[in-house]
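A closer look at the structure
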Amino acid sequence: MTDTYDLDTSTDETHRDHEHGDAAESDRSDETASLDESLGVTVPEDYVGAFVAEAFEDVERSTEWADAVDAVVADGARDEWEALAPREQVVEMLRMADEFDRKAVERFDGIPLDRGSPTDEMRERFEEGKRLRRNADVLRDGIAAAYADGYVSDDDLVEAVESFGFDTDRVGAREDALDTVANAYDMDFRPYGGTLMTERESDEDAEEFEAW
């Protein structure tokens, strides 16, 4: 597939290198070895699709598949999009969500942690990261809705995930990076699958997909 309907999530900001310092690594060979081992539960074959869809679902959102498609597929690319099989469309959604996560990690990691208080530029970068993070979660929630509505079958969903993969490590790195910055400067954010950590009313927090 080409990137015809991929989103431009870049900005015109000048990216500056920040010195974070290199943390000394402790010797954890035994722990590392245990982390490399695959842990999980056996899911009956008939329920694998539902298990995957539940992993993508955001309990605090009610995204429709059509809304996710409208957010990322330009009008001029609709014919190409519609020509894809549902499995291929899910693969493309997963790819875009993964790219949003990657860029969100870049934004959070680009914020220095050794300042007395965040600058306007740092706050802007933090908000960018949260928007990118939200976009990724909305797309995956849309996939879950497509499965629930019967647009994507069990086989299509499982094959799409097996074809593209789902990098839970990247999502974990994203959440760690967000949490680190938020804790350093007491910034507001909504925990993954949790509730908004802010004193503002919930309707004041932007929940719309912001594709840019």
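Provided above is the structure to which this section pertains.
Our subject in this report is the structure included herewith. (Residues numbered from 1 in each chain as written. Predicted model: local features only at pLDDT ≥ 70, side-chain atom pairs only at ≥ 80, totals over all residues. Heavy atoms only, no water.)

Attention now moves to the overall build of the protein chain. Within the protein chain, the regular secondary structure consists of eight helices and zero strands. Secondary structure elements in the protein chain, listed N-terminal to C-terminal, are α-α-α-α-α-α-α-α. Buried positions account for 38% of the 212 residues belonging to the protein chain. Of all intrachain contacts in the protein chain linking residues separated by at least 6 positions in sequence, the fraction that spans at least 24 positions is 81%. Carbon together with sulfur atoms contributes 44% to the accessible area of the protein chain, which is approximately 12700 Å² in total. (Helix = DSSP H or I, 4+ residues; strand = E, 2+ residues; numbered from the N terminus. Buried < 20%, exposed > 50% of the residue type's maximum accessible area, 1.4 Å probe, protein only. Contact = heavy atoms within 4.5 Å. Areas by Shrake-Rupley, 256 points an atom, 1.4 Å probe, with all protein chains shown as cover.)

Let us look at the pattern of salt bridges. Scanning the entire structure with this criterion turns up 17 salt bridges. Residues Arg102 and Glu106 are paired through a salt bridge, measuring 2.6 Å at the closest nitrogen-oxygen approach. Here the residue Arg102 and the residue Glu106 both occupy positions in helix α5 (residues 86-109), the gap between them amounting to four residues, near one helical turn. For Glu106, a relative accessible area of 41% corresponds to the partly exposed category. (Salt bridge = Lys/Arg side-chain N within 4 Å of Asp/Glu carboxyl O.)

You can see Glu175 is positioned in helix α8 (residues 168-185). Every residue in contact with Glu175, bar those within four places of it in the chain, is listed here: Arg133 and Tyr192.

Packing of α5 against helix α7 (residues 154-164) leaves a shortest axis separation of 9 Å and a crossing angle of 45 degrees. When the interaxial angle is binned, α5 and α7 end up oblique. Viewed along their axes, α5 and α7 form a crossing whose handedness is right-handed. Facing Pro86, Arg87, Val90, Val91, Leu94, Arg95 and Asp98 of α5, the residues of α7 in contact are Asp156, Leu157, Glu159, Ala160, Val161, Ser163 and Phe164. When grouped by side-chain class, the residues that make up the contact of α5 with α7 number eight nonpolar, one polar and five charged. (Axes fitted to C-alpha atoms, helices over the stretch in contact; angles between N-to-C directions. Parallel < 35°, antiparallel > 145°, perpendicular 65-115°, else oblique. Left-handed = near helix turned anticlockwise from the far one by under 90°. Nonpolar A, V, L, I, M, F, W, Y, C, P; charged D, E, K, R; others polar.)

So, on to the nonpolar core. Judged by nonpolar contacts, the single largest core of 41 residues is most densely connected at Met93, Phe126 and Leu157. Of all the elements in the fold, those that place two or more residues in this core are α2 (48-56), α3 (65-72), α5, α6 (120-148), α7 and α8. If near-sequence neighbours (up to four positions away) are discounted, Met93 is found in contact with Trp65, Ala68, Val69, Val72, Trp81, Leu139 and Ile143. (Core = buried A, V, L, I, M, F, W, Y, C linked by side-chain atoms within 4.5 Å.)

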